[in-house]
Every structure is written in C-alpha cells, then in structure tokens.
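# Summary of the model geometry
Here is how the chains run, residue by residue.
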Amino acid sequence: MKYRPEIDGLRAISVMSVIIYHAGVSAISGGFIGVDVFFVISGFLITSIIMRELDDGSFSLYSFYERRAKRILPPLFITILITLPLAFFFLIPSQIKDVGQSIVAVSFFLSNYFFYLETDYFNQFNNNAPLLHTWSLAVEEQFYLIFPLLMIMLSKSRRMIITSFFLIAAFSLYFAHSGAITSPNLTFYSIHTRAWELIAGSICAFFMSCNVFSKYLDSKRNSKNLEIIAIACLVIIIASFFFFDKKTLHPSLFTLVPVLASAILITISGHTYFCKKILSNTVLVKIGLISYGLYLFHNPLFSSIDIYFDNLVDEKIYYKLMLILPVFLLSIASYLYVEKPIRKYRNIKPFRLIATSSVCLLLFSSVGLMIHKTNGFKEYYVSKLESAGMEMLVDIESERTRILELKERYYPSDLPFTCEKQCPKILLLGDSFGNDAYMSMTTIASHWQVRYIYLDDECMADFIAADMEGELGIKCKNKDVIAGELLKQATNVVITAKWQESTYQAGFDLARYIESSYKKEVTLVGSILFTDLASLSIKAWRSDMDLQKLPEITYKYQRWDRVRISDKLKSAVEQQGTIKWIDKKRFFCDYQKETCNLFDEKRDPLIWDNAHLTSRAYAAYGKFLADGVL
C-alpha cells in the first residue's frame, strides 16, 4: 500500500483532540471523538493490507499477527512500565490494586470489559485510572482477532465481502444506538457496538481496492467538488470535537456524522490538492507518526495529576498542559529507538516473535496479579506509616464491608410507604449521596418513614421532561427510575447529589417542579467533597504533615469548586423562598474557625473516600438531616 501522509495528518488531529480533552480543556468537550476517527483509520489500513495480500496470495495469519505485535506491543509495554512507578509514588493501596487488576486486563486485551465492570458505587478511582484509555486498544485487538479469519473465509467472493461489511456495520450501529439509550456504559466499551466504526474504514478500503470510484476520483472535472467535500468533511470532524459532549448519545446515529466524514475524507483526500496539502503538513505528519505513543503515554501522566491533586480544579489543567511536552519527547524517543527498529527487524521468525510477546504479556499479567494479591502493597504502606509514627486515616475495605452489611438490612429502598397518615413520609431522590442520606435517616427513624430512589443529578432534567409527558419513568445510569407513586405518597421530598456546574440548575428545577406539581414540601441538600482520606494519609507521610492539626488540614483540602457550586444552589433556593435548604458543609465544617472534622471523638473516620459517609456517621447525619427536613 502506497504511503499516504494525509492519513498521518488526520491521525495527528485526532490524537491531539483526545489529549486536549483529557487535559480538561472544556471547549474540546467532544475530544473523545478522536478515538472514533482512529477506529475508521485503523479499519481502512488493516483491510487495505489484507485485501492486497489476499489478492496476490501472500497473506499469512502468522505474518499478520507478527506485524500487529511489532506495532502494538512495544509502546504498550512502555506504557505499563511508566504506569507502575507512577502508581507506586502517587497512588494509594486501593488505587494501586486497581492498577494491578487493569494490567491483567490489558495483558489479555480485555480492558474494555474490565473498565465497564469497574463502574460501580464503590469505585471512584475508575474515571482517573491510568490505563483507562487502553479500552480502545482492546476493541481493536478483538476486532483484529476475528476480522482476518472473516476475510479468509469470504476471500473467494468480493460480493460476499462487501455484503458482510454492510450487514455487520448495520447490526453494530443498531446495537450501538439502542444500547446508548439503554446501556450506555456497556455500549461505549464493547466491540459489538464499535465494530461498525472499524468496518466503515473497511468499506472505504474495499471500494478503493476495487476502483469503484476511480473514474470519478481521477477526473479533473471533479477536482473542485472533491476539494469542497474533503474540506467539509475535515470541518465536520473538527466541529465534532466542540459540539459533542458527555451528554451526547455515543456511540450512536449521532456518531455516524464524524465517522462518515472520516471515511469519506480518507477515500477522497488523496485526490485533492488543498485538503491534502493541509493534512500532509510536515508538523501534522510528524505528530501522526508518533500518535500511537502520544495516545498511550499521556494518560498515565495525566491520571497522576488528577489523583494526586484531587483537591484542585483549574490548576490541574495547567499541570497537564505542561506535561504535553514531556509526553511528546517520550513519544519521539519511543518511535525512533523502539518502534521503528523493532518494525524493521526481520531476523526473528513470526512464531518466535508471537511466543516472546505472549511470554511478556504473561509476565505483566503476573505482576498485575501480584499487585492485586498484595492489595496494592498495603502492608508496605502501613508499615511505612507506622514507622513514621502515623497510621492510615481510613481502612476502606472494612468500611465498605460494614456499609454493605447494613444495606442488606435496609434495602430495597423503594417499597411503598406503610406508616399511618400522620406519619411523615420522606422520599429521598439523589445519587450515591442520596444513599448516604437514606441509610442515615432510616437507621434512626422513629416517628417517620424514609424511602430512596436513585436519581443522578445528570438525569434530573430528563426526569422532569418524562414526568411532564406522563411517562412511567426514565433510564438513569443503567437504572430504572420510577418515582411517581412514591412522590404521590410522600409528605416530604429531599433532593441531594454531588452537584456539578452543569447540573445544579436541574436540581433546583426538579425541586420547584415537585413542589408545584405534587404539592410537596421539598428540601435541597448541598454537597461538600474533600481529598480522599486514604490519599491524605499517604500525602501526610510524604509531606511530613502534622496530623494533630487534621481539622485545619482537611479544611484546606476541600474541593473548593464544589463549595462554590453548592453556594450557587443555596443562593437560588434562598431567592425562591419556599424550598428548604440544608447546608451539608455545616455537618463537617466551621468556616469561621476554618476547620473540618472528618473524624469522631475516637478519631475514627466519618467518610471513607472523599465524601461518602462511613456507617458510624449515619446516626449523626440522620439527625442533622431530620432537624432540617421536619
């Protein structure tokens, strides 16, 4: 296949969109679309190579997997080797344990399903996981495992090949769009809902291999039209980086827009002048050549910033942007001294290379398993803290166990109210903080009854719209939210969530809607987050903090961005006048003394991560809420 520099230019644009998105630049809200463009490019290149070799009779599965191993594994091994010391120096044992598990998943190219399964209530670490981005690599490898076999089976009939491509793409797109509505997490990570993006590139390769559009593409009369179409496609791709966001159904029919634009651009850009000139720019091509390293290496470094400086917000963006230069230097070094030499090395037989690669993957998976078995070197950190006269501020595993035992007693939480008419019936709506509120109020319930329905703050606007239309309920974060009957039965409704800049208004709107439509007494609860306590333990040891001043330290390590957002919601409630407000900050903090008490009198923790309550805090928090609600 003739080298096409404009494809490397497109790679460069895609990888930079992903990196800037991961850096936290809000303007690039759809930078993740760069991964979808990668899938189209990958499908095109792989199919072009396979079809050419099938045509001339030189295709071999051994040589195919040899090339894939040479291309994919060396930078992946470097990424794992970068991640391990970063995890050791920046993460806490529970997070290091998660890294170990993810290394095992990466080694077997199953990280897409690993990270799907890890999205549970207790795993706050998932969104900042150093190897989270390898899910896309797993999707590609799963595709490469099946696709060559399919091509061999269908190689006798080109009609069967293209028919199969369109059928696979159609079914995959159908499952993607329907799944984006019903099971968004599974859909985001799965091969069966991403295959259509790779196949889009395959269809381009098929048409080019068969010279389907060659007369049109080669005609000088059409050059102007091709130029306009190519520039339009490039604009659509770049615009997607700005107009898509995390609320957009994805992958779905909406994703078809940038995917089709990428497929068309790949097909026709080689027959243009101006667009090809843009994409073949030397700088873009050079970035495109190291794009794989850029994609792999940036996330472990960015993740370390996210986790270590978890109490900062805007500053983290600047730290990440400063890391882009080291990421580039590392990617250049990897390309020049690892990737290129290995690709050019011809003296190793395919079988031996595949066997060596398999052994390396097994070694890495063994390291990951060892990290998992040692609970992220927990004993090492505990001994280091003890030798320094300190201790872990929280035992996460034991706190989780207590909470789960209590949940077995008090769940399900959405049963009908059963107390008498004069009994206060309190319905809690909210995310995981709603669970905290429910467990707190129900454990001390005396003359009142409490029910809880999970409703994430990102779903509140959808809930209002659905309820106004008379719909039974909505799907929120893979959970069915049906609240109509309990809303009618309740005397008091309490809404609590983590509150983000993009959602606090929806929370306020929901409170007003329930108050006016259901004639209920509504209370909104503010939010407050801190640095993760386990992280603070390690930071205290590494920075030699004086733990006798814990209240002052924890006050300093609040999430001040969330404090400001909660204050905005409080201001809206006070202006409205009839909705009640409970300031959760007052449960923990004294803002005049500038202290926050996250421990009881025995110095046992009241939270187990960065905000969620331990079971010992339930009684006090339940009374705090009851005083504000009733």
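Scroll up a little and you will see the structure.
Residues numbered from 1 in each chain as written. Predicted model: local features only at pLDDT ≥ 70, side-chain atom pairs only at ≥ 80, totals over all residues. Heavy atoms only, no water.

Here we come to the overall build of the protein. A count of helices and strands for the protein gives 28 helices and 9 strands. For 630 residues, the compact-globule estimate of 2.2 N^0.38 gives 25 Å, and the protein sits close to it at 27 Å. Based on the C-alpha atoms only, the size of the protein along its principal axes is roughly 80 × 60 × 40 Å. For the protein, the proportion of its 630 residues judged to be buried stands at 56%. Within the protein, residue pairs in contact and separated by at least 24 positions form 78% of the contacts whose partners lie at least 6 positions apart. A total of about 28,300 Å² of accessible surface is found on the protein, and carbon and sulfur atoms cover 60% of it. (Helix = DSSP H or I, 4+ residues; strand = E, 2+ residues; numbered from the N terminus. Rg over C-alpha atoms; globule rule 2.2 N^0.38 Å. Buried < 20%, exposed > 50% of the residue type's maximum accessible area, 1.4 Å probe, protein only. Contact = heavy atoms within 4.5 Å. Areas by Shrake-Rupley, 256 points an atom, 1.4 Å probe, with all protein chains shown as cover.)

Enumeration over the complete set of coordinates arrives at 3 disulfides. Two residues, Cys459 and Cys476, share a disulfide whose sulfurs are 2.2 Å apart. On the S-S bond that ties Cys459 to Cys476, the torsion sits near 85 degrees, and the link is right-handed. Placement of the pair is Cys459 in the loop between strand S2 (449-454) and helix H21 (460-468) and Cys476 in strand S3 (residues 474-476), with a sequence separation of 17 residues. No difference in accessibility class separates Cys459 from Cys476, as the two residues are buried. Shown here is the disulfide that connects Cys589 with Cys596, its sulfur atoms set 2.0 Å apart. The S-S bond linking Cys589 to Cys596 shows a torsion near 105 degrees; that makes this disulfide right-handed. (Disulfide = S-S within 2.5 Å.)

Moving on, we come to helix H11 (residues 223-243). Side chains of residues three or four places apart in an α-helix project in the same direction, reflecting 3.6 residues per turn. End to end, H11 covers 30 Å across 21 residues, agreeing with the expected 30 Å (1.5 Å per residue, within 8%). Residues of H11 that are buried include every one of Leu226, Glu227, Ala230, Cys233, Leu234, Ile237, Ser240 and Phe241, and no others. Projected down its long axis, H11 shows its buried positions confined to an angular sector of 155 degrees, all on one face. In this structure, H11 carries Lys224, Ile228, Val235 and Phe243 as exposed residues pointing more than 90 degrees from its buried face. Looking at the buried side of H11, the elements it contacts are helix H1 (5-23), helix H2 (33-56), helix H10 (214-218), helix H12 (256-268) and helix H13 (274-279). (Expected span 1.5 Å × (residues − 1). Arc of directions from axis to C-beta.)

To continue, consider helix H6 (residues 135-154). Taking 1.5 Å as the rise per residue, H6 with 20 residues should run 28 Å; its terminal C-alpha atoms sit 29 Å apart, in good agreement. At Tyr144, H6 shows its maximal bend, which comes to roughly 25 degrees, and the proline Pro148 appears one to four places after that position. Here H6 lies mainly inside the structure; 14 of its 20 residues are buried. (Bend = angle between axes of the 7 residues up to and from the residue.)

Evaluation of the coordinates by the stated rule reveals 1 cavity of 30 Å³ or more. Looking at the largest cavity, its volume works out to about 30 Å³. Lining the largest cavity are Phe90, Ile92, Ile307, Tyr308, Ser535, Ile538, Lys539 and Arg542. For the lining of the largest cavity, the secondary structure elements donating two or more residues are helix H15 (291-308) and helix H24 (533-543). If one sorts the elements of the lining of the largest cavity by residue count, H24 sits on top with 4 residues. Looking at side-chain class alone, the lining of the largest cavity contains 5 nonpolar, 1 polar and 2 charged residues. (1 Å grid on protein atoms, 1.4 Å probe; cavity = no way out; pocket = protein on both sides within 12 Å on 5 of 7 lines; lining within 4 Å. Points joined across faces, edges and corners; volume = space filled by probe spheres on them. Nonpolar A, V, L, I, M, F, W, Y, C, P; charged D, E, K, R; others polar.)

A few words now on the packing of aromatic side chains. On inspection of all chains with the given rule, the structure shows 35 aromatic pairs. Centre to centre, the rings of Phe38 and Tyr295 are 6.0 Å apart; their planes meet at 65 degrees, and the pair counts as edge-to-face. Residue Phe38 is located in helix H2, and its partner Tyr295 is located in helix H15; the two are separated by 257 residues in the primary sequence. In this pair, the class of Phe38 matches that of Tyr295, namely buried. Arranged with centres 6.1 Å apart and planes meeting at 65 degrees, the rings of Phe206 and Phe207 form a pair that is edge-to-face. Looking at Arg68, its charged tip hangs above the ring of Tyr144, at a distance of 5.1 Å from the centre. (Phe/Tyr/Trp six-rings, centres within 6.5 Å; stacked < 30°, edge-to-face > 60°. Lys NZ or Arg CZ within 6 Å of the ring centre and 35° of its normal.)

Of all hydrophobic cores here, the largest spans 198 residues; its most connected members are Ile495, Ile514, Leu524 and Phe588. The biggest single contributor to this core is H2, with 12 residues. Excluding residues within four positions of it along the chain, Phe588 makes contact with Ile528, Phe530, Thr595, Cys596, Asn597, Leu598, Leu606, Ile607 and Leu613. (Core = buried A, V, L, I, M, F, W, Y, C linked by side-chain atoms within 4.5 Å.)

This part takes up the pattern of salt bridges. Using the criterion set out here, one finds 32 salt bridges in the structure. Between Glu458 and Lys246 there is a salt bridge, with the nearest N and O atoms lying 3.5 Å from each other. Here Lys246 lies in the loop between H11 and H12 and Glu458 lies in the loop between S2 and H21, a separation of 212 residues in the sequence. A cluster of three or more residues bridged by salt bridges with shared partners is formed by Asp431, Asp456, Asp457 and Lys498. (Salt bridge = Lys/Arg side-chain N within 4 Å of Asp/Glu carboxyl O.)

Turning our eyes to something else, we now look at the layout of surface pockets. Taken as a whole, the second largest pocket holds about 1,300 Å³ of empty space. If you list the elements that add at least two residues to the lining of the second largest pocket, you get H1, H2, helix H3 (61-90), H6, helix H14 (282-289), H15 and helix H16 (314-344). Here the element with the most residues in the lining of the second largest pocket is H2; it accounts for 10 residues. Partitioned by chemical class, the residues of the lining of the second largest pocket number 19 nonpolar, 4 polar and 16 charged.

What follows deals with the sheet that holds strand S1 (residues 425-430). Taking strand neighbours across the sheet as the criterion, the 5 strands line up as S2-S1-S5-S6-S7 in an open arrangement whose pairing is parallel. Unpaired on one side and paired on the other, S2 and strand S7 (580-582) mark the two borders of the sheet. Across this sheet, the average inter-strand angle for adjacent strands is 25 degrees, counted without regard to direction. In this sheet, strand S5 (residues 492-496) lies alongside S1 in parallel orientation, the contact comprising 5 bridges. Each bridged residue has a counterpart across the sheet, and for Leu429 the counterpart in S5 is Ile495. Running at roughly 165 degrees to S2, helix H20 (residues 432-443) makes contact with S1, S2 and S5 of the sheet. The sheet contacts of helix H23 (residues 504-518) involve S1, S5 and strand S6 (521-525), and relative to S6 the element is tilted by about 165 degrees. (Pairing = 2+ DSSP bridges. Axes fitted to C-alpha atoms, helices over the stretch in contact; angles between N-to-C directions.)

None of this, on its own, says anything about what the molecule does.
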